[in-house]
Amino acid sequence: MEACGCGEDHIPWMLATFGLLGTAGLFLGLLVAMILAGWLLVTAVSLYLRWRYPPGEVEFEETSQDSLGGFTWTTDDR
């Protein structure tokens, strides 16, 4: 008979098996692994794009150097 009602059948399996610090360590380890996997994926994609389309190869359209980009003000006096 349990007085508090907090036996092992009321807590999650992972927490009962690994304890609080083990479970927290496992979740933090998984978080770090996912962050590293994301960085590796971004690095792989950027290296592929740099290899596939070298930086000097792309030609850009000639644009205006002013901040309005060639916009001219006209007044409609009708």
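Residues numbered from 1 in each chain as written. Predicted model: local features only at pLDDT ≥ 70, side-chain atom pairs only at ≥ 80, totals over all residues. Heavy atoms only, no water.

Q: How should I be thinking about the overall build of the chain in this particular structure?
A: Secondary structure summary: the chain contains 1 helix and 0 strands in total. Considering the chain as a whole, with its 78 residues, one finds that 3% of them fall into the buried category. Surface exposure of the chain reaches about 7,800 Å², of which carbon and sulfur atoms provide 65%. (Helix = DSSP H or I, 4+ residues; strand = E, 2+ residues; numbered from the N terminus. Buried < 20%, exposed > 50% of the residue type's maximum accessible area, 1.4 Å probe, protein only. Areas by Shrake-Rupley, 256 points an atom, 1.4 Å probe, with all protein chains shown as cover.)

Q: Got a minute to help me understand the side chain of Thr 23 in this structure?
A: When you line up the elements, Thr 23 lands in helix α1 (residues 13-52). Excluding residues within four positions of it along the chain, Thr 23 makes contact with Met 14, Leu 15 and Phe 18. (Contact = heavy atoms within 4.5 Å.)

Q: Can you help me understand a nonpolar patch on the surface in this one?
A: A cluster of nonpolar residues, Trp 13, Phe 18, Leu 26, Phe 27, Leu 28, Leu 30, Leu 31, Val 32, Met 34, Ile 35, Leu 36 and Trp 39, forms a patch on the protein surface that exposes about 1,300 Å² of accessible area. Assessed through its relative accessible area of 43%, Leu 31 is described here as partly exposed. (Patch = residues over 30% accessible without salt bridge, like charges linked within 9 Å, V, L, I, M, F, W, Y side chains within 5 Å. Salt bridge = Lys/Arg side-chain N within 4 Å of Asp/Glu carboxyl O.)

By themselves, these observations are geometric and do not establish any function.
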